[in-house]
Amino acid sequence: MLNNRSPLIIVAVSLVALPFALDLVGLPLRSSIDVVAFAVACMGLNILVGNTGLVSFGHGAWFGLGAYAAALSQRYWFPGSITLPALFAIVFVAVSAVLSGALILRRRGVYFSLLTLALTALLFAISYRWTEFTGGESGLGSVTRATVLGVDLERDGNYYWVVAGVAMGVCFLLWRFHRSPVGSVLVAIRENEQRARFIGYPTNRYKLIGFVLSAAIVSVAGTLSVFNHRFASAEPLSVAFSGELIAMVVIGGMRSFLGPALGALFFILFREFLSMWTPHWLFYFGLLFIGFVVFSPTGLVGVGERLLAPIRKREITAAAMAGRKTADVLSLPPSLLRANENDLLALSARNLQKSFGGIHAVHDFDLSVRDKTLHALIGPNGAGKTTAFNVLSGLYAPDAGSVELEGISIAGLKPEDITRAGVGRSFQITNLFVGLSVEENIRLAIQARSHMRYATWRSTASLTDIQAETAELIRYLGLAGIETAEASSLSYGGQRVLDMGLALATQPRILLLDEPLAGLAVAERERIAKLIKAISSEIPILLVEHDIDRVFRIADHVTVMNDGAVLVDGSADDARNNDKVRAIYIGSGTAAVAMQPRAEFARSDQLLAVDRINTYYGKSHILNDVSFDVRKHEIIALLGRNGAGKSTLLKSLVGIARPEAGSIRLLDQETVGLPSAVIARRGIGYVPQGRGLFAGMTVADNLVLGRLKRTTGDGIHWSDERIVAIFPRLAERWDTPADYLSGGEQQMVAVARALAGNVQVLLLDEPFEGLSPVVTQELFEVFDRLRQEIALIIVDHHLDLALGLSDRTVVLERGAVTWNGVSTLLKDDLDLRRKVLWL
Amino acid sequence: MLRFLPCRVFRVQYVFVLEQVLNGLLVGAYYLLIALGLSLIFALGGIVNLAHGGFYAIGAYLAVILTNRMGFFGALIASPVIVGCFGILIERFLFRRFYRSDPILSLLLTFGLAMVIEQGLRIVFGATPLPFSIPSELRGQLLVGDFIYPRYRLFIFGVALAAVAATWFIVYRTTFGRVVRAGVQNPDIVGSLGISLAPYMTAIAALGVGLAGLAGVLLAPIAGVHPAMGAEILTAAFVVVVIGGLGSFWGVIAAAALVGVVRGITIYFNPSWGEASMYLLMAVVLLVRPRGLLGERIEKFE
């Protein structure tokens, strides 16, 4: 709606027609002025609510303060004038907004809203009590309107046209503001504040600008109103009035430019007409408000759009990727390149340490990325790569050690500063401005670098250099032809490319890519890998990936991590042929405990049948037609590299993740679509990765919770005596809070808690992670004996243990089953293991 | 005689300060009743219940009605229970729709609900305050040495503390409470243990709202029973919650005590600044500790 001048025309026409229309229904001119004043206030409020996503329950304060400032300044300083008090009011409120905004905007979301509520309550209390100054309960009267330029404003007729003129001016200002760079950044903040910071915007500053502008506009409305009624009171400072303003904005439509004005009109009409029938019109208004929140959060404008949808011709951007005009890989737009004059290391980390609680996620970590190289960071689950990556990209500050970008330290900088320093980062989980178009996403990232990024008057469409750079980058990324498509409508692959594009647009000195190939189909992987390789010849890239085959093919340099530290650091060939690296991925085949032959108990009757399930995370297709079965007393090992979908499969089995298609039958009863509590009660026990014990509660408490709702059923139920018999160590830990136990003891508690209730199939996600050899042995024996009672599915990257324990193995690769057979085949044949699990 | 004068004056002043501090703690105690309910509902369901003041007002109005039928002490029990039942209905039909949506929408929803409750009370009972006096058994003063304190206020203090203690007991010492605390930490795992959290969320909403209703009954004789009473106390409760940290049990308790005491001392020195003092306190706390005294970082709501 903002793309042309139609809103301004609508406003102009409405302002002219309003007094006549209201006159027809018997409302005086003063009501028209009220409508206009409230409309201005609501549009000011909507800068925060609709555009930035900050709900202020205290904006009535600016209305009331503006009114008081105008009235009081007229009384004491500018008697007989109207323009000077009005200007003073705006300045006064703007200054107050700067001061209070700086304090309140330190908090976001819900806390921000509560603080605005407190602000207005405070100001109301003060103005209500400070009777000598503000008139308290009786308010301030004898406010006069002056004669301006020969026009006597005491006449309501003349005053209305002044009000209309001011309102038109405010609308024009807002129209330009919303189309300006600052306006576009506020929308970006609403859509995804974190990403806005990671493309280089200091969001707090922008929010303050929006806050102050919004307050100033609302104060204009207050000034118009105080001269309308010639009376200032504490009433607009009350929480109730702020609530009415919010209600007007929501009912009108907070996502539209003129919606709030419509809401103000609706409110006045509603008030005038309903109050003729009943004094309780505010009650019905409140019900209406709730109705809109529940059924149509986009307000009247939203309802109108839905009604008009069949009539209005809407351009339907077809299933986005189809509209693409791809070209071959072009060369990188020169506007994205920065010169690295001194031939320094692009990124160097020395002796990084990062711990969470007592766990050393990363220690003694060194890394050097050279300019114009593709550097890969790989390692098995729990190796610490994600943490290292997050420290390097500024998400976490390191506990110790240094991170330098071309010689300048960047450790511990805020996201927007790190981005401006030259670190461009993409995200593994889609982190785009999903409600905005492809073009707008990229344009925002490029705009963050421009000297026009604080402009509030020029429209973004007029910044031709930014538009040109945007078009260039979109062409380079292969997204030309679908610029106007909403980011959420792109395929998953398209979104990953766009995400990478956002990082690229920040003109980085180094590009940090977090699993750029995860969840993609093969063809897409090819294309994006080629793109990454091409980019790396101009801009150094550090990437984290699990697709090791491809990494070894394209990377210039590889760093392998294990257990929080660097294992191997060298060329791709060095890593590929290194025995230690191979061992952490496919095991060494020498774990003693796993070598002894195990007694088999597996029967042929089916316990759990999984048939072609497909599970998604957002758009990411995690599980792809996965099928296998579990028989009674069988132990299944579920193996595969990271990102293959093993944890998601377990979560799908227990109902925490819901499969979109396919069937899971436990004892011949369908479980897909049931809530996890029901599935658990039917007999699926779950021990999650990281154990999932409840902190602050003792071992006994955790077990009680485990048993609480699963006392019935045909599976096993371990009593406390049985638990102590199997895990004697827990006897002395019975009343210790679970978070104080050692890793091994926690694992025992987690297993015991799952088994305390009805279990036919036990799911174990990385049970041997972080355990000492002795405890590993103990648990191994326990699981081995368990097969006499139930079936088990075990996911673990200690391959020898998993293969030694299990009867059969299912291997997952990128969400699909790639191998399903007897475990001893994989256990004994290292060549087969290499083929199935390595490359 | 002159020798003793300064000491006696000092002792009298000390008693006045102590009286204001105790008043402050008392005020803190009933802020706590409301703030605690708010915090519980938020911790488990993630909803900031701006309508909480409305339930406080409903509690007060119910006290007026029920006292005529069953006496004050009967109303003291029955009113919170009935308000709790309202809480069950509200949770079941309104809150549940918003657990997984944008927190802003649940804010708007509860704000609208507060509006409706206040106006509804106005329709049913009128805008003028209903007369409601302290029950005769609890009138009068208590003398402890130099210290004189109204008996009813001590009663409120006692009941409020008992209610907070009972809530603490429920949350920290019963199995129900353990499920609730587990659900706050990790609802997925609770589900995988076969426990369906929905009834617990309803119960917590009822408990939280019931506490507000109890505060309404206790304060009805003092604060005056009128439709806007909910809005007045709600802002104070939110100040307590913001200072203490949403979702933190002990933080809210500490914050209530702090707010009450600061208010009491401020009133001693300059009575008209009492209300403003707690807003200033909040500003100071926010500058020094943005997450509140003991607040937990709940990303979704920042």
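All values derive from a computational prediction rather than experimental measurement.

Next up on the list: the packing of aromatic side chains. Each pair of aromatic rings is reported with the distance of its centres and the angle of its planes. Residues and elements named next belong to chain A. A full pass over the atoms with the stated rule returns 37 aromatic pairs over all chains. Note on Phe 267 and Phe 285: the rings are 4.9 Å apart at their centroids and 70° apart in plane angle, and the pair reads as edge-to-face. A residue pair is termed long-range when its members are at least 10 positions apart, and Phe 267 in helix H11 (residues 259-277) and Phe 285 in helix H12 (residues 281-295) qualify at 18 residues. Residue Phe 285 is classed as buried on the basis of its relative accessible area of 0%. The structure contains a cluster of three or more aromatic residues connected by ring pairs, namely Phe 38, Phe 63, Phe 241, Phe 266, Phe 267, Phe 270, Trp 281 and Phe 285. The side chain of Arg 145 reaches across the aromatic face of Tyr 159, ending 4.3 Å from its centre.

Enumeration according to the criterion identifies zero disulfides over all chains in this entry. As a non-bridged cysteine, Cys 171 of chain A has Cys 42 of chain A as the owner of its nearest cysteine sulfur, 12 Å distant.

As a further point, take the interface of chain B and chain A. Every contact between the two is made by 54 residues of chain B and, on the other side, 59 residues of chain A. At the junction of chain B and chain A, the tally comes to one salt bridge. Its salt-bridge partner being Arg 178 of chain B, residue Asp 701 of chain A comes within 2.9 Å of it at the nearest N-O pair. Between the two partners, chain B and chain A, sit five residue pairs in polar contact (both at pLDDT 80 or more). Within the residue set of the side of chain B that touches chain A, elements represented by two or more residues are helix H3 (103-125), helix H5 (175-185), helix H6 (187-192), helix H8 (229-244) and helix H10 (274-288) of chain B.

Once that is clear, we can look at the nonpolar core. Formed by 312 residues in total, the largest nonpolar core has its most connected members in Leu 504, Val 558, Leu 608 and Ile 793 of chain A together with Leu 108 of chain B. Those residues in contact with Leu 108 of chain B, other than ones at most four positions away along the chain, are Val 55, Ile 246, Val 250, Met 254, Phe 289 and Val 293 of chain A. Formed by 38 residues, the second largest nonpolar core is a distinct cluster that contains Leu 693, Ile 723, Val 759 and Ile 790 of chain A.

A separate point is the packing of helix H4 (residues 151-173) of chain B against helix H9 (residues 249-269) of chain B. Residues and elements named next belong to chain B. Here H4 crosses H9 at 165°, and the two axes come no closer than 12 Å. Judged by the angle between their axes, H4 and H9 are roughly antiparallel. As H4 runs across H9, the sense of the crossing is left-handed. For the pair H4 and H9, the contacting residues are Val 164, Thr 167, Trp 168 and Tyr 172 in the first and Phe 249, Trp 250 and Ile 253 in the second.

The next subject is empty space enclosed by the protein. Over the atoms a probe the size of a water molecule is rolled, and this reveals where empty space is left. Residue and element names in this part refer to chain B. Inspection of the entire model under this criterion finds six cavities of 30 Å³ or more. Taken together, Ile 41, Leu 44, Gly 45, Tyr 99, Met 201, Ile 204 and Ala 205 form the lining of the second largest cavity. Secondary structure elements with two or more residues in the lining of the second largest cavity: helix H1 (5-45) and helix H7 (198-223). The residue inventory of the lining of the second largest cavity, partitioned by class, reads six nonpolar, one polar and no charged.

In this section: the side chain of Thr 110 of chain B. Residues and elements named next belong to chain B. Along the chain, the position of Thr 110 falls in helix H3. Take Thr 110: its relative accessible area is 0%, and that puts it in the buried class. A polar atom in the side chain of Thr 110 sits 3.1 Å from the backbone oxygen of Leu 107.

What follows is about the confidence of the model for chain B. All names here are of chain B. Scored by pLDDT, chain B comes out at a mean of 84, with 91% of its residues at no less than 70. Confidence over residues 297-302 falls short of pLDDT 50; this stretch has 17 contacts with residues more than four positions distant or in other chains. This complex was scored by the predictor with a pTM of 0.85 and an ipTM of 0.84.

Residue and element names in this part refer to chain A. Pairing within the open sheet is antiparallel, and its four strands lie in the order S14-S13-S16-S17. Edge positions in the sheet fall to strand S14 (620-631) and strand S17 (669-670), since each has one partner strand and no second. As paired strands, strand S13 (residues 606-617) and strand S16 (residues 661-666) are joined by five bridges and run antiparallel to one another. Looking at S16, one finds that Val 610 is bridged to Ile 664. Where helix H24 (residues 646-654) meets the sheet, it contacts S13, S14 and S16, and its direction lies at approximately 65° from that of S14.

So, on to the sheet that holds strand S19 (residues 761-765) of chain A. Consider a sheet: its strands pair through backbone hydrogen bonds, and that pairing is either parallel or antiparallel. All names here are of chain A. Strand order across the open sheet formed by six strands is S18-S19-S20-S15-S21-S22, with mixed pairing between neighbours. In the strand order of this sheet, the two ends are held by strand S18 (684-687) and strand S22 (816-822), each with one partner. Each strand axis lies, on average, 15° off the axis of its neighbour in the sheet, ignoring direction. Relative to S22, strand S21 (residues 808-813) runs antiparallel, the two being bridged by six bridges. Each residue of the ladder has a partner; that of Val 811, found in S22, is Trp 819. Where helix H28 (residues 743-755) meets the sheet, its contacts fall on S18 and S19, and the angle it forms with S18 comes to roughly 165°.

Let's shift gears to the pattern of salt bridges. If the charged atoms of two oppositely charged side chains come close together, the side chains can form a pair. Residues and elements named next belong to chain A. All told, the structure shown has 37 salt bridges over all chains when counted by the stated rule. Between Glu 416 and Arg 197 there is a salt bridge, with the nearest N and O atoms lying 2.8 Å from each other. Taken together, the residues span a long stretch of sequence, with Glu 416 in helix H15 (residues 415-421) and Arg 197 in helix H8 (residues 181-198) at a distance of 219 residues. Assigned by exposure class, Glu 416 and Arg 197 land together as buried. Between Lys 632 and Asp 605 there is a salt bridge, with its nearest N and O atoms 3.9 Å apart. Here the residue Lys 632 occupies a position in the loop between S14 and strand S15 (635-639), and Asp 605 occupies one in the loop between helix H23 (592-595) and S13, the gap between them amounting to 27 residues. Assessed through its relative accessible area of 29%, Lys 632 is described here as partly exposed. When its relative accessible area of 33% is taken as the criterion, Asp 605 is described as partly exposed.

What counts and how
Residues numbered from 1 in each chain as written. Chains lettered and ligands numbered in written order. Predicted model: local features only at pLDDT ≥ 70, side-chain atom pairs only at ≥ 80, totals over all residues. Heavy atoms only, no water. Phe/Tyr/Trp six-rings, centres within 6.5 Å; stacked < 30°, edge-to-face > 60°. Helix = DSSP H or I, 4+ residues; strand = E, 2+ residues; numbered from the N terminus. Buried < 20%, exposed > 50% of the residue type's maximum accessible area, 1.4 Å probe, protein only. Lys NZ or Arg CZ within 6 Å of the ring centre and 35° of its normal. Disulfide = S-S within 2.5 Å. Contact = heavy atoms within 4.5 Å. Salt bridge = Lys/Arg side-chain N within 4 Å of Asp/Glu carboxyl O. Polar contact = N/O pair within 3.5 Å; in protein donor to acceptor, adjacent residues only side chain to side chain. Core = buried A, V, L, I, M, F, W, Y, C linked by side-chain atoms within 4.5 Å. Axes fitted to C-alpha atoms, helices over the stretch in contact; angles between N-to-C directions. Parallel < 35°, antiparallel > 145°, perpendicular 65-115°, else oblique. Left-handed = near helix turned anticlockwise from the far one by under 90°. 1 Å grid on protein atoms, 1.4 Å probe; cavity = no way out; pocket = protein on both sides within 12 Å on 5 of 7 lines; lining within 4 Å. Points joined across faces, edges and corners; volume = space filled by probe spheres on them. Nonpolar A, V, L, I, M, F, W, Y, C, P; charged D, E, K, R; others polar. pLDDT = per-residue confidence, 0-100. Pairing = 2+ DSSP bridges.

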